[in-house]
Each structure stands twice: as structure tokens, then as C-alpha cells.
Amino acid sequence: MTLSDTWRKLPRPLRIVLGRLPMVIPQMFGVIFVTFMLARLLPGDPALLMLGNMATEESIANLRAQLGLDGTLWQQFAHYMLQVLHGDLGISLFTSNPVATDLMERAPATLELVFYSMLLTVLIAVTVSVVAVVRPRGVADYFSRVYGLAAGAIPDFWVGLLLIFLFFSTLGIAAAPFGRIDPLVTPPPAVTGFYTFDSLIAGDLSAFRSSAGRLVLPVITLTIVNAGALMKMTKTTFAEIWRSDFIRHQRASGLPSRWLVRNALRNSLPPIITLVGFLVGFLLGAAVLVETIFSWGGLGQYAVQAVTYSDYPALQGFVLVAAVFILVVYLVVDILYELADPRIET
Amino acid sequence: MMKTLADFPAFVLRRPAALLGLALLLVQAAAILFAPLLATHSPIEANPLASLQPPSAEHWLGTDVSGMDIYSRIIFATRINLLISVIAVAVAFVIGVPVGLVVGYRRGWASTLVMRIFDFIQSFPVFVLGMALVSVMGQEIWNVAIVLAILFTPIFARLVRAEALSLRDRPFIAAARCSGATDAAIMFRHILPNALGSSIVQVSISIGMAILLTAGLSFIGAGVRMPIPEWGLMVSTGSQQMILGIWWVALFPGLAIVFSVLSFALMADAARDYLDPRGERSR
Amino acid sequence: MTADTPLLEVENLSVAYGDRTVLHDITLSLRPDEVLGIVGETGAGKSVLARAMLDLLPGGGRVTGGRIRVGGRDLATLPEPERRALRGGTVALIGTDAKSLLDPVRTVGAQVADVLRAHRRLGAAEAKAQAIELFAKVGIVDPEKRAEASPHQLSGGMAQRVVIAMALIAEPSVILADDATLGLDATIQVQVLDLLVARCRELGMGAVIITHDLGIVARYCDRVEIMRDGRIVEEAPTARFLSAPATPYGAELLGAARARPAPMARAAAKGATERPLVEVVNLVKHFTTGSGHVVRAVDDVSFAIPAGETLALVGESGSGKTTVGQCLARLLDSDGGAVLFRDRDMLGLPEKAFRPLRRDIQMVFQEPYVALNPRWTVERLVGEPLGLDPEMAGAEARRARVREMLELTRLPARLAEAYPHELTAGEQKRVGMARALATRPAFVVFDEPTTALDIRVRAQIIDLVRELQREMRLSTLFITHDLNSVRSLAHSVAVMRHGRIVEMGETERIFAAPSHDYTRMLLGAELPIERYTAA
């Protein structure tokens, strides 16, 4: 009783955060289990597969011991989990570096791409859908209908290629699709890992111009593919609320249209937050394709290399990091969702 | 509210967008059935002498780097892409729907556990998990289909479960129980027919998703392999040339993907509007 | 404007949706200090009329003729900013289901303050202070604290008061109440309407009360307009209408709103030794809420129903009356007590052993439409319970029984092939009854059979139940909050509150001399038109 009373006295945001955190533990456990099982799905001896055909008896035996392959499945899992908890994701067969180091190095590149794409996606999707609902049969309404259908049908990698062909190869107005920054420009010293932020922090305008220019095409590619889904859903949600009794009542009470839009948008927030979270996961997958096309040098390109060269520790590490990243995103989304909706009991 | 499947064709014929979707579907059906007749060249025969030729009377859509005829490959790829997608979605539907129904109707720890597992599968980014699974299981057509089925089953289960959960407490279920209906009768005669609408729409959407995923996987080399004709793989072989201004190798198979996915998206939209009384009235 | 300019004038107004005209040539006016009632059944066009007065016709409706003047100014000639200022500023609307009219994610105080700020140049704090002041005047206890609440934390009656505050805050001259108290408990309804009308009179506002309940008109309105199919068919001062309606339709409505004569003599003679058909002994049902609180929905309830008799279980929402019915039909598992049917306890039976008993124990559900599977035809719906009857195994026998049931409930045989959404509310209700009666049960639970029905349909359903009582010698538990139907149907009455029966007795005795305070309060909140027509 006293415990629950103390709980009630906590501010609601804190209750929401504390209520959510414990759920992460079994999920993390599950993620590690799945990535562990991934390696077990490989036909044959993982050690042999990981070392390739050049392996000697001795190196295989060493690796087996190192991977803990000699015990039972559960012992192996415990071994793997301990390693993961210590930040040890194994050694990449392709780069010969620790996988964890490789991933840390490449993560900012991917995050910068995802960050700007998400920003642009939300901006475009929410604006267009609000205008489309408030002015039915207008330009925005028509555009969102056609685009909503088409966007879901376009493969991201193909859009990227078309954009390169059009704006780089043919018109020559876009930056080259080779990496995050011009090779002649020195990257800014790392603070956040985002070249655009870091170059501004360092006051290096040429680095900023180059890195921002390189971002344009990949960000547009991801946004084109992504914004359709968010636009469709935002439009549906917003339209439903726009037609709802309470907005109609606010209109009948003489509230100005701008207030109505604001209030309806505030009510559409929870589902938008959820979809944005889901789209971050989707973007991570799309980044794998887009990074390959633009030689971005991020996590996605690393994953493709891993697939191409059967670099299983690297692949396993990538899946683990991606899944953990998504779990964190979902956690934040859940918390924001509950904050945005006072009806949820906490 | 009450719609029968028999009215659907008439509904489609009244809507230009749905009609376009239907036409595109028929084109694909023709490509699948009559591929050998429609193709002008062998889809898998390399011809180094005819490498990277632009579209011409001989090669309608040009040739790729190994001199294969792009038009013929696109036609034959329809078989591979739709086969993988339709099988994957069919399996996911057949497993997901009954599981979702039972899990939605019956409370208890087993239901909770099943849903937690599904939640968990869905918490992975689809493409990342698909890529990892296919590359460890081996890059074969069947494995791609199996992996897609695994990824899609939770979608159907969740949809049906959500419907079943909301239907379960509706008065007409209580009324059926009063009329002596058993649990099985309530699940399959009362709940299932009312819960299926969103899943039917989802079938069409999922086939589109499956086509995109298959293409994406093949594009990065984690799907089917050369020389099998597959749209994503074909775009991939043209991706290097695109930067050099050789556009036809990647452009046409990409268009095939767009039209194919679009046809399923249009049908899904038509089905959704058809099943949703509100959507129709606004027209 | 001068003192006798009508606040609101509607002149030959016609409204159409596409080719369909829904309002024909409506003319009416509202004088200062007047309370006008507009009465009509579903589809009469009452709500469209209310919306037209604010120039907010829903879903593509347009005015095809006539005009609306507010304070002497023609709505159609006003520029949009002035029309906006007029909504809520001069004419305020109160709609049905207050909870749905409030923004779910904002505090109610801020919402009321918003309306004021939309009409006056005011700071947020000052507007909030005025809102809180008004909250106290509309009977909201602890207004400062309530102002910080979200709508989901309020009861229906409290939410309705907030909506009334929203309507009053900008001091309009006309209040439109469109079925404002629909769905509220009778005691709350009376409180809310008393308050609304008192405030209107006090502030010199005019009010238009749109309703389908003649009792409300009788109690509150000075004048009444009777609407039917988009036309006004009768207009009269309320007292004159109640004593001598001028049109046949008006007379028909009035007749339908009256209680039926007292039920026929009791089936069994007093003091007969026959055991009751159904006996409920110390029934208990608990619910555990999400936050872990245990709610005693049914708390030690006992009653008995003799063969061929009807017991009415009355009470307001949350009293537990519906839960009792669901426990009797075994739709809910009970937590204690016994239900004896023909002297056999049926609560202890496993579901399998109970199923054959369902043939004799049936239920008619509250909301007619949602209690019918939308994908089944009437024939299939009515025939479903026949699976419980071994004699009804043949398709032919079943079909014959279904036809018989449709006839019994006065449904045309052609409806057998119809789906629920193709039926009117009254027909849906009849299908629900046909279905419950198909196995010729001995005992039927009627859950709110007259709720949400139009006046005339309600009267027809009451007549039908009376006939069935007589023809089939049914025993029924009649769960309702509609006291009018209780007078017409029940042999005895049990009054429930907070899960307990506070008073039980013969119908005439309860209505004539209630002994419990709560019963007196319930009876006091009823708005029977007899009180006004008898005079």
C-alpha cells in the first residue's frame, strides 16, 4: 500500500519512464538470443565458416574454444551473452578489426543520414496532410493521394540511382555519390560524429558545404520513399480527428480555424509518434541500400560488405546493434506516446 | 456495411484507379503464363558481343553488361518475383490468421507468449532481419520466400487478433452464446468473417512489400543470384553503369517493380474502400 | 435591436443534400426569454436545423431557400469572420454526448477559457479565472481542481456541465440544446436541464431545446414545434399542445408517450404455494479494475420471479442491474450466491451442462443493432438458437419456426432474407426478440428493451412485450431505467443502487408509496407527461 502510494506521488512523466524501463530487459535478452541463434542457423561448423577454407585444424579448435562452441547450447549462449555484455562482438573477418570498433566508427554516418531524412519526412508529411485535410480537393489533397499511392511502390535503391543519373551524371548539379565528404576536404574533428554539426562547431564552412551537399541526394532518396507512408497515416488520423465531434463543437463555439488545426494536430500526435518510431526502423533497413549506392561508409554499407564476404561476426554484430538501436527508439516512442496522451493510466 | 465478394468486380469497374490496378495485374498474369511466347531472347543466355546495347529493334529495352536481353529477362522475372511474393504471403496468411483468431479470442499466458514472440519479431527492422536470415540460410529462392513468410506472419496475426479482441466483447457475440453457440462456432462463424476485412486488404499490401523486399535483398546480393532473372538483381547489375549515363539497364527493371507493386497497392486501396462504408460514401 | 426583435428567426428555410431535400420551408422564431421545444423522431431533421442556425451544415448540405436571421441580421449576408464571432458568441450549441464534445488531451478549464478568448480580447489567466467562476455557477464542485482535469476523468453529468459552461461563457443570446441530455441518467438529466433553463432565464437568453422526449418539453418549454420528415407540422404553446394537439401526428406522439394501463392480473393467485420459476439468492459479482480496486457490481442480491410474471429491475447506470442480467444468462461468471431455475442451482453447472438449459433461459439485448451479427441474415439469426432444440434438427422445421417467430413479433416474412443494417431500429429490436423467443423459453431477460427508441417505436415494443407476456405466459426480468415502461409491463419492481436492491415490491405500491429515499428521487426525476396533461 505504502509502495503504491509513493508511486502515485511521483510526477507522471517519471512514472511513465520508470514503468517502461523494466520492459527493456527481457527485450534485450531476446535480441541477444536471436542474434546468437542466427549464427546457429548457418549450416555446418560456424568456426569453419567464419575462418573460411584457409583454416587450419588448430585455428578452428582455437576459434571453437573462443566462441564457446564446445559446451551445450545454453552454455554457448551464456558465453555469447557475457561477451556481448562486455562489448565484445568478435573480430571482423574482412577488416580484421573488432566488430564493435568497426560499428562505432560507422554509426554516426548512418545516424546523420537517418536524422536528416526523418526530419524532412516529418516536415513534408505533416504539412501536406494537414493542408490536404483542411482544404479538401485542393492541390495538396490531390498530390497526397497520388503520391501516397506511388511512394509505397518505388524501390528506394532505384530512386537513388535515378537521382544520381539525373542530377549528377546528366545535369551535373548534385554532389558526387561517393561518400560523406569530398576527399579533398578534411573532415571536421569529431564531436557529435555528424559532419554537418561538427563542421559548424569547428567553423569550417567548406567542410560544412561539402558534407551538406553530399547529404542532399541520399536524404531526398530516403524521404521520397518514406514520406508516403507517414503522409498517408497522418492524413487518415488527422482527417478523422478533424471530423470528430469535439472539433466540430469547437468550430460551433466560434474558435478560429488556426486553433482548430492546432488542437486537432495535438490529438493526432500519439499515432504519428508511433509511426515515426516504426519508420526509424524502416529507414535503418533502407539505409543499407542507399548507403551502398552512395558509398556512404556507414553501418549499412558495412552490413552489405559482411553479406558479400560472408563476414558472419560482422553481420551478427550489425544485426545486434540495429535491433538494440530500434529497441531504444521504441522505448522513447512509447514514453513520448504516453506523455502525449493523458488518457493512458500510469 | 454488409458486402459480398460478388459485388467487388462491379465496384472495381466503377473506379479508374482500381481499373488501372486490375489492368496491370492482368499484364503480369499474361507475362507469367506466356513468358516463353512473349520473350524475344533467352532470359539467361549471356552474349558478350552484345554487351550494354541501348534499346533497339533487336533488343527492345537494350542489353545488360553480359549482353542478356533486358526485355526478355523482365518478362521471365515476373514469374520469380511474383512466385516468391505470393507464396510467402499465402503462407503468412494461412498461419497468421488462425493464430491471430485463437490468440485474440482466448485469454491466457499462452496467448500472451505468442503475441510477445510476434512483437519481438516485428521489433527488428524488417529489411535487416531479412538480410541476415537469408544470408545465413543460403541465398536461394525458397529461402527468400520462407524468410518473408516468417516476417509477414506476425502482421496477419496481429491484425486478426486486434479485430478479434474488439469483436469478442461485442454484444452479438454474447447473443450468440445465449443462442447456444460453442466456442468454435463463435470463433469461426461469428468472429472470423467479421475480422477478415483488414487482412484481405493486407494480403495485397504485403505482396507489394514482398516484391520490394525481394528486390532489395537481391540488389545487395542477399537474395537470388545470377543468372536467375529477378528485377532487383537486374537493377543491381545496372547500378554501376547508371553513374556513367547508361540508364536502360537499371531503369526498366525498376519500372517493372514500380508497376507491379503499384498494381497490388491499387487493389488494396480498392478493397479497403470497398470494405469501409465510410470511404465509399465520401466519394 | 429593440426588445421585441426575435433573437432568432427562420424564414421558409429549405436545406438539401444533393437532390434530396431534408428541410422543407421551415419557419420559426425565438423571442427573448423564451424556451422553445423542437420535437421529432429520428430523421425528422432536427439536428440539421440546429446546425443550419449556426451556418455549419454537416457533409455538403446547402440552403436552397429562405433565410435565417440572428438578432435581425441575415446569416447569409454576413462575412465569414462575423459568422465565426456569432458562433458561440451569439448562438451557442450544446450537443449530445458531452464527453465526445470535449478535446480529450486538454484540461477542461483551458477549453472553456479558449471559447471566451475566441470572442473577447483577454489574457489566458483572466479567461481561466472567469471559466472557474462560471464552473461554480453551473454546479461544478471544487471548480479550481476540476478545471485542471482532463475530460476522461469526469463523469457524464460533470462533462455536460462543462459543455454548458462552454456555451454560456461568451454570454450568447441564444442557446441551442440538441438532445443535450441523451444518455444521461434521469436524475442527472433533470439537474442539468433545471440548471440550464434557470441560467437562461436569469441571463435573459432564449433557448431552443431539441429533443424526442415530450416529458422534457412538458417540463421546460414555453412553446413547442413538432417536426416530421423535415417539416414543421404543428406549433403551439406547450400547455395547449399537451391538452389538445391539433394534428393527428401530434396526438399520436402524445398517445405513444403515455404509460399503458396497468398490467393484467397476476398469473398466480396470491398465496399460491407454487415455487417461483427463477430464484436468485445472495448473488455476488465483483470486478477488479485496472488499478486493482475491487468493485462490488452486484452485492448480495436476492429476488424471485414466479412463472408468468415480470419483475422490473430499475436503477441508474452503474447500479449493477445489467450485470445481474448477464449473470442470470451466464454471460458472466458469478462470485457467490445461487440462481435457482426450477429449483435447480445453475451457477454451479459447467458450461457444457448448462448449454441445454439455454433453451429455456434467453436474453434480449440492449442495443438492437450491435447484438446482431452484421453478416448474417435475419433467417439465420433467428434460427441460430434452434440448434439447442433437438426437435428442430430438420431444415424445414427450422424454417417454419423462424416464420412463426417473425409473425409473432409482427415482422413481415420478406425480411427473412434481410441483413441487420437493412432494418429499422424497431425491426432490429423485434429480430432480437424473435431470436430470444425462438426456442420458446420459459424465462427471458430483457436488457433495456426500450432505450434509444423513438417514442412511437417504443410504444409498439411495449405493446408487443405485453402481448407476448399474455400469449406465451413468459416469466421475464425486465432491466430498465425507463419508468414509463415499468408501469406498463411489470408486476413487481426492484430498485437497485450501488449493486444492492434498496426497495422491492408490487409495481402499484412502489409508484404510489415509495418507502426508500432513493426510490423517491428516481420517481421525482421522471418526467411523465401525465403530470401535465392531467391538469
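Rules used in this analysis
- In this convention, every chain numbers its residues from 1, walking through the sequence in written order.
- Starting at A for chains and at 1 for ligands, labels are handed out in the order in which the entities are written.
- In keeping with the model being predicted, local features are shown solely for residues with a pLDDT of at least 70 and side-chain atom pairs are shown and tallied solely at 80 or more, while totals for entire chains, interfaces and linings include all residues.
- For side-chain calculations, the full set of non-hydrogen atoms in the structure is used, while hydrogens and water are omitted.
- Secondary structure elements follow DSSP: runs of H or I no shorter than four residues count as helices, runs of E no shorter than two count as strands, and numbering proceeds from the N terminus.
- Burial here depends on accessible area, computed with a 1.4 Å probe over protein chains only, as a share of the maximum for the residue type. Under 20% is buried, over 50% is exposed, and the range in between is partly exposed.
- Any two residues whose heavy atoms approach within 4.5 Å at even a single point are treated as in contact.
- Positive residues here are Lys and Arg, negative ones are Asp and Glu, while His and the chain termini are left out of the count.
- Charge positions are represented by NZ for Lys, CZ for Arg, CG for Asp and CD for Glu.
- What counts as buried area is the accessible surface, traced by a 1.4 Å probe, that two parts surrender upon association, with contributions from both included.
- One speaks of a salt bridge when a side-chain nitrogen belonging to Lys or Arg is within 4 Å of a carboxyl oxygen belonging to Asp or Glu.
- A 3.5 Å cut-off defines polar contacts: any pair of N or O atoms within that distance qualifies, except that in protein one atom must be a possible hydrogen donor and the other a possible acceptor, and neighbouring residues in sequence count only when both atoms are side-chain atoms.
- Classification convention: Asp, Glu, Lys, Arg as charged; Ala, Val, Leu, Ile, Met, Phe, Trp, Tyr, Cys, Pro as nonpolar; all other residues, Gly among them, as polar.
- The method works on a 1 Å grid over the protein atoms by themselves. A cavity is a set of points holding a 1.4 Å probe that cannot get out, a pocket is an open set with protein on both sides within 12 Å along at least five of seven lines, and residues with an atom within 4 Å of a point line them.
- Grid points are joined across faces, edges and corners, and a volume is the space filled by probe spheres set on the points.
- Expected helix span is given by 1.5 Å per residue-to-residue step, counting one fewer step than there are residues.
- Think of it this way: the bend at a residue is just the angle between two axes, each fitted to seven residues, one set ending at that residue and the other starting at it.
- Residues enter patches when they are more than 30% accessible in relative terms and free of salt bridges; like-charged ones are connected within 9 Å and nonpolar ones (Val, Leu, Ile, Met, Phe, Trp, Tyr) within 5 Å.
- Computed with a 1.4 Å probe, the accessible areas rest on the Shrake-Rupley method; for each residue, only the protein chains presented here act as cover.
- Note on terminology: a nonpolar core comprises buried Ala, Val, Leu, Ile, Met, Phe, Trp, Tyr and Cys residues joined through side-chain atoms within 4.5 Å.
- Pairs of strands are assigned from DSSP output, requiring at least two bridges between the strands.
- Orientation is described by axes fitted as lines to C-alpha atoms, over the contacting stretch for helices, and by angles from 0 to 180 degrees between their N-to-C directions.
- Per residue, pLDDT measures the predictor's confidence, with a range of 0 to 100.
- A clockwise turn of the near helix away from the far one marks a right-handed crossing, whereas an anticlockwise turn of less than a right angle marks a left-handed crossing.
- Stacked, edge-to-face and tilted labels apply to pairs of Phe, Tyr and Trp rings (six-membered ring for Trp) whose centres lie within 6.5 Å, assigned for plane angles under 30 degrees, over 60, and everything in between, in that order.
- Only when the NZ atom of a Lys or the CZ atom of an Arg is both within 6 Å of the ring centre and within 35 degrees of the ring normal do we say a charge sits over the ring.

Structural notes on the overall build of chain A
Consideration 1: Check the secondary structure of chain A and you find 14 helices and zero strands.
Consideration 2: In chain A, the succession of helices and strands from N to C terminus is α-α-α-α-α-α-α-α-α-α-α-α-α-α.
Consideration 3: In chain A, buried positions account for 50% of the 346 residues.
Consideration 4: Taking the intrachain contacts of chain A between residues at least 6 apart in sequence as the baseline, contacts between residues at least 24 apart amount to 70%.
Consideration 5: Placing the 23 positive and 22 negative side-chain charges of chain A at their respective mean positions leaves the two points 19 Å apart.

Observations regarding the interface of chain C and chain B
Consideration 1: Each partner contributes to the interface: chain C provides 22 residues, whereas chain B provides 18 residues.
Consideration 2: For the pairing of chain C and chain B, the buried interface totals around 1,900 Å² over both sides, and the portion due to carbon and sulfur atoms is 60%.
Consideration 3: Linking chain C to chain B there are zero salt bridges.
Consideration 4: Linking chain C with chain B are nine residue pairs in polar contact (both at pLDDT 80 or more).
Consideration 5: In terms of residue class, the side of chain C that touches chain B is built from 13 nonpolar, three polar and six charged.

As for the interface of chain A and chain B
Consideration 1: The interface is formed by 47 residues belonging to chain A together with 39 residues belonging to chain B.
Consideration 2: Summed over both sides, the interface of chain A with chain B buries roughly 3,500 Å², with 82% coming from carbon and sulfur.
Consideration 3: By the criterion of area lost to chain B, the three top residues of chain A are A:Leu149, A:Phe157 and A:Trp158, representing 17% of everything that side buries.
Consideration 4: At the surface where chain A touches chain B, the tally comes to zero salt bridges.
Consideration 5: For the pair chain A and chain B, the number of links is three residue pairs in polar contact (both at pLDDT 80 or more).
Consideration 6: Among the elements of the structure, helix H2 (12-40), helix H7 (139-151), helix H8 (156-170), helix H10 (205-242), helix H12 (257-293), helix H13 (299-308) and helix H14 (312-340) of chain A are those that each provide at least two residues to the side of chain A that touches chain B.
Consideration 7: With nine residues, H14(A) is the largest single contributor of residues to the side of chain A that touches chain B.
Consideration 8: Grouping the amino acids of the side of chain A that touches chain B by side-chain chemistry returns 36 nonpolar, eight polar and three charged.

What about the environment of C:Ile305?
Residue and element names in this part refer to chain C.
Consideration 1: Tracing the sequence through the fold places isoleucine 305 in strand S12 (residues 294-305).
Consideration 2: Residue classification places isoleucine 305 among the buried positions, given a relative accessible area of 1%.
Consideration 3: Apart from the residues within four sequence positions on either side, isoleucine 305 is in contact with Pro276, Leu277, Val278, Leu311, Phe443, Ser475, Thr476 and Leu477.

What about empty space enclosed by the protein?
Consideration 1: If you walk through the whole model with that rule in mind, you get five cavities of 30 Å³ or more.
Consideration 2: Put simply, the largest cavity is a space of about 120 Å³.
Consideration 3: Together, 16 residues line the largest cavity, and C:Met363, C:Val364, C:Phe365, C:Gly432 and C:Arg435 are the ones closest to its centre.
Consideration 4: Where the lining of the largest cavity is concerned, the elements lending two or more residues are helix H8 (171-178) of chain B together with strand S16 (361-364) and helix H16 (425-437) of chain C.
Consideration 5: Take the lining of the largest cavity: its biggest share by element is five residues, from H16(C).

Observations regarding H12(A)
All names here are of chain A.
Consideration 1: Its 37 residues give H12 an end-to-end C-alpha distance of only 45 Å, which falls more than 12% under 54 Å, the value for a rise of 1.5 Å per residue.
Consideration 2: Where H12 bends most, the angle comes to about 45°, and this point is leucine 269, followed within four residues by the proline proline 270.
Consideration 3: Just downstream of H12 lies serine 295, where phi reads positive at about 40°.

Re a nonpolar patch on the surface
Residues and elements named next belong to chain A.
Consideration 1: Together, Phe115, Leu119, Val191, Phe197 and Ile201 give the surface a local cluster of nonpolar side chains, amounting to about 460 Å² of exposed area.
Consideration 2: Taken together, the elements giving at least two residues each to the nonpolar patch come down to helix H6 (99-134) and helix H9 (195-202).
Consideration 3: Looking at where isoleucine 201 falls in the secondary structure, it is placed in helix H9.

Regarding unusual backbone geometry
Consideration 1: Along the chain, B:Met226 connects to B:Pro227 via a cis peptide bond; the corresponding omega equals 0°.
Consideration 2: Inspection of the secondary structure assignment puts B:Pro227 in the loop between helix H10 (197-219) and helix H11 (231-243).
Consideration 3: Despite not being glycine, C:Asp229 has its phi angle at roughly 50°, a positive value.
Consideration 4: Note that C:Asp229 resides in the loop between strand S9 (223-228) and strand S10 (231-237).
Consideration 5: Taking the relative accessible area as the measure of exposure, C:Asp229 reaches 52% and is therefore exposed.

A look at the environment of C:Glu252
Residue and element names in this part refer to chain C.
Consideration 1: With respect to the element layout, glutamate 252 can be found in helix H11 (residues 248-257).
Consideration 2: The partly exposed category is assigned to glutamate 252, whose relative accessible area is 40%.
Consideration 3: Spatially, the C-alpha atom of glutamate 252 lies 7.8 Å from that of arginine 456, the residues being 204 residues apart in sequence.

What to know about the nonpolar core
Consideration 1: In terms of nonpolar packing, the biggest core is built from 157 residues, with A:Phe157, A:Phe318, B:Met131, B:Ile191, B:Ile220 and B:Ile257 touching the most fellow members.
Consideration 2: With 15 residues, the top contributor of residues to this core is helix H4 (residues 70-105) of chain B.
Consideration 3: Once you skip the residues sitting within four places of it in the chain, B:Ile220 turns out to touch A:Val288, A:Leu289, A:Thr292, A:Val304, A:Thr308, B:Phe127 and B:Met131.

Focus: the sheet that holds strand S7 (residues 174-178) of chain C
All names here are of chain C.
Consideration 1: Taken together, the six strands give an open sheet; going across it, the order is S6-S7-S8-S3-S9-S10, and neighbouring strands pair in mixed fashion. Looking at strand neighbours, the two that pair on one side only are strand S6 (91-94) and S10, the edges of this open sheet. In this sheet, adjacent strand axes meet at a mean angle of 15° when their direction is disregarded.
Consideration 2: Sheet analysis places strand S3 (residues 35-39) next to S9, joined by four bridges and oriented parallel. Residue pairing across strands places valine 39 opposite isoleucine 226, the latter belonging to S9.

Focus on the confidence of the model for chain B
Residues and elements named next belong to chain B.
Consideration 1: Mean pLDDT for chain B: 86, with 95% of residues reaching 70 or above.
Consideration 2: Of all the helices and strands in chain B, helix H13 (residues 277-281) carries the lowest mean pLDDT, 42, while H4 carries the highest, 93.
Consideration 3: Throughout residues 278-283 the model reports pLDDT below 50, and contacts reaching past four residues in sequence, or to other chains, amount to eight contacts.
Consideration 4: Two numbers describe this predicted complex: its pTM, 0.85, and its ipTM, 0.86.

A word on the packing of H13(A) against H14(A)
Residue and element names in this part refer to chain A.
Consideration 1: Put simply, H13 and H14 touch, their axes get as near as 8 Å, and they point 145° apart. Considering how the two elements wind past one another, H13 and H14 form a crossing that is left-handed. Across the interface between the two elements, Leu299, Gly300, Tyr302, Ala303, Ala306 and Val307 of H13 pack against Ala314, Leu315 and Phe318 of H14.

Quick notes on the pairing of S6(C)
The side chains of a regular strand alternate between the sheet's two faces.
All names here are of chain C.
Consideration 1: Here S6 shows a buried face lined by Val91 and Leu93 and a second buried face lined by Ala92 and Ile94.
Consideration 2: Alignment of S6 against S7, held across four bridges, turns out to be parallel. From the neighbouring strand, isoleucine 94 faces S7, where its bridge partner is alanine 177.

Overview of the packing of aromatic side chains
Residues and elements named next belong to chain A.
Consideration 1: Taken as a whole, this structure holds 24 aromatic pairs over all chains when the rule is applied.
Consideration 2: Ring centres of phenylalanine 33 and tryptophan 74 lie 6.2 Å apart, and the angle between their planes is 15°; on these two criteria the pair is classed as stacked. Linking phenylalanine 33 in helix H2 with tryptophan 74 in helix H5 (residues 73-85), this pair joins segments that are 41 residues apart in sequence.
Consideration 3: Among the residues examined, tryptophan 74 registers a relative accessible area of 57% and is labelled exposed.
Consideration 4: Measuring from ring centre to ring centre gives 5.9 Å for phenylalanine 115 and phenylalanine 194, while their planes differ by 55°; the resulting arrangement is tilted. Residue phenylalanine 115 is located in helix H6, and its partner phenylalanine 194 is located in the loop between H8 and H9; the two are separated by 79 residues in the primary sequence.
Consideration 5: What makes phenylalanine 115 partly exposed here is its relative accessible area of 35%.
Consideration 6: One cation-aromatic arrangement involves arginine 251 over tryptophan 242; the distance from NZ or CZ to the ring centre is 5.2 Å.

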